[in-house]
Amino acid sequence: MGQNLILNMNDHGFVVCAFNRTVDKVDRFLANEAKGTKVIGAHSLSEMVATLKKPRRVMLLVKAGRPVDDFIDSLVPLLEKGDVIIDGGNSEYKDTIRRERSLREQGLYFVGSGVSGGEEGARYGPSMMPGGALEAWPHIKDIFQSIAAKVDGQPCCDWVGPEGAGHFVKMVHNGIEYGDMQLICEAYHLMKSALGLSHTEMSQVLDDWNKGELSSFLIEITRDIVKFTDPDGQPLLEKIRDTAGQKGTGKWTAISSLEYGIPLTLIGEAVYARCLSSLKDERVAASKVLKGPASNQFQGDKKLFTSHIQKALYASKIVSYAQGFMLMREAAKQFGWKLNMGGIALMWRGGCIIRSAFLGNIKDAFDKKPDLSNLLLDAFFKKAIDDAQDSWRKVVTTAITLGIPTPTFSSALAFFDGYRSDWLPANLLQAQRDYFGAHTYELQAEPGKFVHTNWTGHGGSVSSTTYQV
Ligand code: 6PG
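If you're wondering where the values come from, they're calculated on a predicted model, not measured in any experiment. (Residues numbered from 1 in each chain as written. Predicted model: local features only at pLDDT ≥ 70, side-chain atom pairs only at ≥ 80, totals over all residues. Heavy atoms only, no water.)

A. Region of the structure containing the overall build of the protein. Within the protein, the regular secondary structure consists of 19 helices and ten strands. The C-alpha radius of gyration of the protein comes to 25 Å, within 12% of the 23 Å expected for a compact globule of 469 residues. Principal-axis analysis of the C-alpha atoms gives the protein an extent of 75 × 70 × 50 Å. Taking all contacts inside the protein whose residues are at least 6 apart in sequence as the whole, residues at least 24 apart take part in 69%. Total accessible area computed for the protein in this model is approximately 23,300 Å², and 54% of it derives from carbon and sulfur atoms. (Helix = DSSP H or I, 4+ residues; strand = E, 2+ residues; numbered from the N terminus. Rg over C-alpha atoms; globule rule 2.2 N^0.38 Å. Contact = heavy atoms within 4.5 Å. Areas by Shrake-Rupley, 256 points an atom, 1.4 Å probe, with all protein chains shown as cover.)

What follows is the structure in structure tokens.
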């Protein structure tokens, strides 16, 4: 990633000094990939700092966590007031908040920037989500916006907000990435197991989907993955063990959703789906004991059901993005950040892993109404869900009947049904809490008024205090 970002910057006319703790790597880079470019190499941090123009701009691309702090600690004594440190890794936003504050006290400006798009993106145009010390932005804006991906001539990079806003937005991007990937995996599961489609047929279906509203990088690569064959002519996909790992950003998104009380149910299920997949030995043992329906084969019009899956995927994806934007809105409120939701959609429109035509529709929704409270209420997305709803319900009920797990399709639908309900059974929940713990309940007719009932006649009339976490 680091090497590719340097080469990308070089292509755009910026002279970059490269450094790596393993100094051989610098020499090999200069002798190979960076040969014939203007890239300079340094064999020590002090040598690197000495070559930089002031205010110095130092960008770190190291593993999140301790390595970032270690690098910052080594850099700080070498820098001067007004210099800029940028962390381009997948750092936790709370770490970024801490680092920005502490470096500010030392007269340095810290930027935590999400960078998405993998190695290819870094080389030819990533999506970049910088946030932190606004004072740094004029010094890095030109570089970042020059190297970022462009959509209709607009860079997929803009200032996100103060403190950890850039890394928060990147974290939500990754959570959404988890959701998008799991949705596609469930569609694949249904096509493979319920419909019995061949790899060529599945690839064709994905190719068709990629021409419509689902058009996206992840559908495109999945189309290619599904049809990829090993030298023996067999699909490589079926030789890959069905267990998925994770580096943590999806988990952090789910944790934040609990922390801020925003139901990111789809992303949560996507994280859990990875966890369940990795319990391979337990699943294999359980599969010998626990039985589901007699057959998981779909009986009916396969072509029609494939189009239902397409619509279910689209509707679920709308819910996932609506949830992601809900979380960003809540974080913005909690931290006092002013997040430009349309600007974020544009940053994700190109260059990043979740890039898609669909993000253009999200951008349009926020352009029309910058304070839109929920994407589901935008006319375009409301109609899209109206059009997809019957198919979505058919897919979820069919999957349940056939015993094929579709946690993200199903949880998205449950969220949709809950969100559109003016009544939910939480009155009973309040009553249960009051019955067993005297937690009090709020009156329907007098919101804000909490009372306790002696439900059994032998409980006391004393209630516990009412508080919310
Ligand atoms: C990106 C990706 C990237 C992420 C990988 C791995 O935007 O380029 O989100 O930042 O690190 O996708 O993530 P997991 O290992 O957690 O799947």
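B. Quick peek at the packing of aromatic side chains. Per the counting criterion, the structure on display carries 19 aromatic pairs. Seen in terms of ring centroids, phenylalanine 19 and phenylalanine 71 are 6.5 Å apart; in terms of plane orientation they differ by 80°. Their pairing is edge-to-face. Of this pair, phenylalanine 19 sits in the loop between β1 (17-18) and α2 (23-31) while phenylalanine 71 sits in helix α4 (residues 66-75), and the two are 52 residues apart along the sequence. Look at tyrosine 260 and phenylalanine 335: their rings are 6.2 Å apart centre to centre, the planes differ by 80°, and that puts the pair in the edge-to-face class. Here the residue tyrosine 260 occupies a position in helix α11 (residues 249-260), and phenylalanine 335 occupies one in helix α14 (residues 302-335), the gap between them amounting to 75 residues. (Phe/Tyr/Trp six-rings, centres within 6.5 Å; stacked < 30°, edge-to-face > 60°.)

C. Geometry of the site of the ligand. Of all residues adjacent to the ligand, which total 14 residues, the nearest are Asn90, Ser116, Lys170, Glu177 and Tyr178. Here an oxygen atom of the ligand sits 3.4 Å away from a polar atom, N or O, in the main chain of glycine 118. Side-chain polar atom of asparagine 174 to an oxygen atom of the ligand: 3.0 Å apart, as the coordinates give it. For the ligand, whose accessible area on its own is 420 Å², the fraction buried by protein is 79%. No other element matches helix α8 (residues 165-194), which puts five residues into the shell around the ligand. Here the shell around the ligand is built from residues that sort into two nonpolar, eight polar and four charged. (Near = heavy atom within 4 Å. Polar contact = N/O pair within 3.5 Å; in protein donor to acceptor, adjacent residues only side chain to side chain. Nonpolar A, V, L, I, M, F, W, Y, C, P; charged D, E, K, R; others polar.)

D. Region of interest: the environment of arginine 98. With respect to the element layout, arginine 98 can be found in helix α5 (residues 93-105). Along the primary structure arginine 98 and glycine 164 are separated by 66 residues, whereas in three dimensions their C-alpha atoms are 8.5 Å apart.

E. Examining the packing of helix α9 (residues 199-209) against helix α10 (residues 217-227) more closely. Contact pair α9 / α10: the axes reach a minimum separation of 8 Å and the direction vectors enclose 165°. Classified by the angle their axes make, α9 and α10 are roughly antiparallel. Crossing geometry of α9 relative to α10 is assigned as left-handed. Along the contact surface, α9 presents His199, Met202, Ser203, Leu206, Asp207 and Trp209, while α10 presents Ile219, Thr222, Arg223, Val226 and Lys227. For the contact of α9 with α10, the per-class residue count stands at five nonpolar, three polar and three charged. (Axes fitted to C-alpha atoms, helices over the stretch in contact; angles between N-to-C directions. Parallel < 35°, antiparallel > 145°, perpendicular 65-115°, else oblique. Left-handed = near helix turned anticlockwise from the far one by under 90°.)

F. Here's a closer look at the side chain of arginine 274. Mapped onto the elements, arginine 274 comes out in helix α12 (residues 265-278). Although arginine 274 is buried, it forms no salt bridge, and the closest oppositely charged side chain is glutamate 177 at an N-O distance of 5.4 Å. In contact with arginine 274, not counting residues within four places along its chain, are Tyr178, Met181, Ala244, Gly245 and Gln246. (Buried < 20%, exposed > 50% of the residue type's maximum accessible area, 1.4 Å probe, protein only. Lys, Arg positive; Asp, Glu negative; His and termini not counted. Salt bridge = Lys/Arg side-chain N within 4 Å of Asp/Glu carboxyl O.)

G. Region of the structure containing the pairing of strand β4 (residues 84-87). Side chains of β4 alternate between two faces, with Val84 and Ile86 and Ile85 and Asp87 buried alike. Pairing of strand β3 (residues 57-60) with β4 involves four bridges; the strand directions are parallel. Looking at β4, one finds that methionine 59 is bridged to isoleucine 86. The parallel pair β3 and β4 is bridged by α4, and the resulting crossover is right-handed. Pairing of β4 with strand β5 (residues 109-116) involves four bridges; the strand directions are parallel. Its bridge partner being in β5, aspartate 87 is matched across the sheet by glycine 112. One crossover worth recording links β4 to the parallel β5 by way of α5, and it is right-handed. (Pairing = 2+ DSSP bridges. Right-handed = clockwise from strand over helix to strand, strands pointing away.)

H. Examining the side chain of aspartate 378 more closely. Of note, aspartate 378 is situated in the loop between α16 (358-368) and α17 (379-402). Setting aside anything within four residues of it in sequence, one finds aspartate 378 in contact with Ala365, Lys368 and Leu372.

I. Focus on unusual backbone geometry. Here lysine 54 and proline 55 are connected by a cis peptide whose omega angle stands at -10°. Inspection of the secondary structure puts proline 55 in the loop between α3 (45-51) and β3. One non-glycine residue, alanine 438, adopts positive backbone phi at about 50°. Examined against the element boundaries, alanine 438 turns out to sit in the loop between α19 (426-437) and β9 (441-442). A residue is classified by how much of its surface remains accessible, and alanine 438, at 15% relative accessible area, is buried.

J. Quick look at the UniProt feature "domain: 6-phosphogluconate dehydrogenase C-terminal" (unreviewed entry) in the protein. Mapped onto the present numbering, the UniProt feature "domain: 6-phosphogluconate dehydrogenase C-terminal" (unreviewed entry) falls at residues 166-456. The straight-line gap between the two end C-alpha atoms of residues 166-456 is 53 Å; of that span, 65% is helix and 1% is strand. (UniProt positions renumbered as here; feature names shortened; annotations may be inferred.)

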